Each structure stands twice: as structure tokens, then as C-alpha cells.
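One letter stands for each residue in the lines below.
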Amino acid sequence: MDSSFGSFGVMGIFTAASSIVFAFIGFDLIATASEDARNPRKTVPQGMLLGVGAVTILYVAMAVVLVGLRPYALLGGAAPVSEAMDAVGVGWAADVVNLGALLALMTVIMVVLIAQSRVLFNMGRDGLLPKSLGRVSRVYSSPARAASAAGVAAVVLTLYPKVVDLEELLVIGALFCFAFCAVGVLRLRRTEPNLERGFRVPMVPLVPLLSLGATLWLMLNLKTSTWWMFIVWMVFGLAVYGLYGRWHSRLANEESWDFEIGDTDPGRGGLQAIRPIDTPDTSELRAVRTPPKSNRGKHMRN
């Protein structure tokens, strides 16, 4: 077997890295919950970097243990961890690992759904999707409509017979977002040097260029079929933006945007952005809390 190229060796590392990105996708989802953090400028970057660092150390340590349990050439099965433990006669440990993997996947699904609801909520609030998705339920104090839409979409995807094959599609989508962010950092540093930033990327342009190059390289190591599916979904997304988002966005309708609606469900109270009565012509907005109805939340109190 070639030690430099193929299933193992240098090219094997890069090929595996493209798939292992799936295990690191959840960390970027922390940024979608920035509005829920008390001090997002400090805690969100710290949480992401510390989380990635700790999990990377654990992954490397686990890989070292697996190579010690079984020759690396025999670790290419569907469940390499449990198979390696079965091979050395500790089947009970394999059952524990499988149970832990099942619970971990459940938590990942929950985190992804929460993050997706926040993405839909912000897109609805900006007009890129229907405004109804950009409302906060006073009863649950969360974007319930966006969460319901994300949940329904997840259920529909589970009906796809080859849903496992969509893993690489998720990976290439995440890698594309990472590459887009790297390009955005380079672009904004040049066009908006005085823009207020919650987190400032160090060593620009070196870090963004390295990130962009590494991300593009990982994308190139994915399957051709994954690229075709990615192109199809990109065309669909651009069509939604071109036919709806571009014309209904808040940016395109800034002068006629209805600020009175706010971002709460109608008739449910909660926070609502309105213009001051004494200065109706100003662009300054303030948040007020309208009193809730007496029958709201009664089922939760009971």
C-alpha cells in the first residue's frame, strides 16, 4: 500500500479530515445564540475557542487509544470504536460507547435545531424570509414559529431514504460558510475599517488567508456527488433570495419598513420596538413591554 497517497498516508489524512469536519460543526452554532448571551463579545469567542480546543485534545487522545487497541488498517469499519473494543474482548465497553454516541447525537440534533431556529428568526426579522418567522412568542419567550419550521423541516428530511448520505452535504455547506466568513473578514477590513466589531480577528490577512486555503482544500477532497448536490441547493437558495428576499428585505424597504409590528406575536404582549411619541420623525427606537393578557401562560402555571 502506498504510504503517501491512497486510503492512508498524507492524502488519507486530508480525505478523512473532510469528513471529520462534521464533528466540529456544532461549535460555530454558538454564534447563532449570541443574542441570548449577557456579554457576547467576550463569552462567545471564549466558548467557541475553548470548546474546540478541549474537544480536539479528546479526539486526538481517542485516536491514540484506538491505534493502540488495533492496527490502523483495520479501523475502517462502520463503528471503529466499538469494533476495536470487541476485538480486545471488552464488549461491555463497546455497549457503553454506543449508548454514549446515541445520546451525543440526540444532543447534537437539539443544538442544530435551536441554532436553525435562530437563523430563520433573524432572516425573518430582516425580511429575507416571511416576517412571521421573525416573531418572538411571549408565552415561551423564544422564536416559536421559527423553531416549529425548523422542526418540520427536520422531520421531512428524516423521510428521505438515504438521509445518511446527506452528511457530506452538511459538511460542504459548513465549509462554504467558513470560507465565506474568511473572505468577509478580508473584505470588511478594507471597505469598513472603522466598523464596530464584537470580535477582531488577529494577524489579518494571514489568518483569514490560511483559513480560506484550508477550507477550500477540504472541500476539494469531498465526493463529486456531494458537489453536485451542493450546487443544486445553492441554485435553490439563490432563487429564493432573488425572487423573495431581495425585494422583501428590510434593507431594500428601509423607508417603508413597518416598525410598529415589532418582533412579538400579535396580541401576546412582550417586547415591542416603537418610535417615541414626542419625536415621531426620529429614527431612534425604544423597547416597551405591553401587559400580558390574564389567560396567557395559564397552562404553564398549572
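Cut-offs applied
One numbering rule holds for all chains: residues counted from 1, following each sequence as written. Per-residue local features are limited, in this predicted model, to residues with pLDDT of at least 70; the limit for side-chain atom pairs, both in listing and counting, is 80 or more; totals at the level of whole chains, interfaces and linings are taken over all residues. The side-chain values count all of the structure's non-hydrogen atoms but skip hydrogen atoms and water molecules. Under the DSSP-based scheme used, a helix requires at least four consecutive residues in state H or I and a strand at least two consecutive residues in state E, with every element numbered from the N terminus. For every residue, the accessible area obtained with a 1.4 Å probe (protein chains only) is divided by the maximum for its type, and the residue is called buried under 20%, exposed over 50%, and partly exposed between those limits. The contact definition used throughout considers only heavy atoms, calling two residues in contact when any of these lie within 4.5 Å. For accessible areas, the Shrake-Rupley method is used with a probe of radius 1.4 Å. Any residue's cover is judged against the shown protein chains and nothing else. Defined by distance alone, a disulfide is two cysteine sulfur atoms within 2.5 Å. Angles shown run from 0 to 180 degrees and are taken between the N-to-C directions of axes, each axis being a line fitted to C-alpha atoms and, for helices, limited to the stretch in contact. Put simply, angles under 35 degrees are roughly parallel, angles over 145 are roughly antiparallel, angles from 65 to 115 are roughly perpendicular, and the rest are oblique. In this scheme the crossing of two helices becomes right-handed for a clockwise turn of the near helix relative to the far one and left-handed for an anticlockwise turn of less than a right angle. Under the scheme applied, nonpolar residues are Ala, Val, Leu, Ile, Met, Phe, Trp, Tyr, Cys and Pro; charged residues are Asp, Glu, Lys and Arg; polar residues are all the others, including Gly. By definition, no residue in a patch forms a salt bridge, and every one has over 30% relative accessible area; like charges are joined within 9 Å, nonpolar side chains (Val, Leu, Ile, Met, Phe, Trp, Tyr) within 5 Å. Salt bridges, as used here, are contacts in which a Lys or Arg side-chain nitrogen is within 4 Å of a carboxyl oxygen on Asp or Glu. Among the buried residues, those of types Ala, Val, Leu, Ile, Met, Phe, Trp, Tyr and Cys that are joined through side-chain atoms within 4.5 Å form a nonpolar core. Here pLDDT means the predictor's own confidence in every residue, given as a number from 0 to 100.

## Looking at the overall build of the protein
Alright, step 1. Per the secondary structure count, the protein includes nine helices and two strands.
Alright, step 2. Element order for the protein, N to C, with α for helix and β for strand: α-α-α-α-α-α-α-α-β-β-α.
Alright, step 3. Counting the 302 residues in the protein, one finds 21% classified as buried.
Alright, step 4. The long-range fraction of contacts in the protein, counting pairs at least 24 apart against all pairs at least 6 apart in sequence, stands at 52%.
Alright, step 5. Total accessible area on the protein stands at roughly 20,500 Å², and carbon and sulfur atoms take up 68% of it.

## Brief notes about the state of the cysteines
Alright, step 1. Here the structure, examined in full by the defined rule, presents zero disulfides.
Alright, step 2. With no disulfide of its own, Cys-181 has Cys-177 as its nearest cysteine by sulfur position, at a separation of 6.7 Å.

## A look at the packing of helix α3 (residues 80-87) against helix α4 (residues 91-125)
Alright, step 1. The interhelical angle for the contact between α3 and α4, taken along N-to-C directions, is 165°, at an axis separation of 7 Å. Accordingly, the angle class assigned to the pair α3 and α4 is roughly antiparallel. In the packing of α3 onto α4, the handedness of the crossing is right-handed. Between α3 and α4, the residues in contact are Val-81, Ser-82, Met-85 and Asp-86 and Gly-91, Ala-93, Ala-94, Val-97 and Asn-98, respectively.
Alright, step 2. Considered class by class, the residues forming the contact of α3 with α4 number five nonpolar, three polar and one charged.

## Thoughts on a nonpolar patch on the surface
Alright, step 1. A grouping of Val-10, Phe-14, Trp-217 and Leu-220 is seen on the molecular surface, where their side chains present a nonpolar patch of about 380 Å² in accessible area.
Alright, step 2. Of all the elements in the fold, those that place two or more residues in the nonpolar patch are α1 (9-20) and α7 (206-220).
Alright, step 3. As for its placement among the helices and strands, Trp-217 is situated in helix α7.

## Details of the nonpolar core
Alright, step 1. With eleven residues, the main nonpolar core is built from Val-21, Ile-25, Leu-169, Val-171, Ile-172, Ala-174, Leu-175, Leu-218, Met-219, Leu-222 and Phe-230.
Alright, step 2. Aside from chain neighbours lying at most four places away, what touches Val-21 is Val-171, Leu-175 and Leu-218.
Alright, step 3. Counting seven residues, the second-largest nonpolar core is a separate cluster that includes Leu-75, Val-81, Ala-84 and Met-85.

## A look at the confidence of the model for the protein
Alright, step 1. Scored by pLDDT, the protein comes out at a mean of 78, with 82% of its residues at no less than 70.
Alright, step 2. For residues 265-277, every residue scores under 50 in pLDDT, and the model assigns this stretch 49 contacts once sequence neighbours within four places are set aside.
Alright, step 3. Low pLDDT (under 50) marks residues 282-302, which in the prediction has 35 contacts with non-local residues, meaning those over four places away or in another chain.

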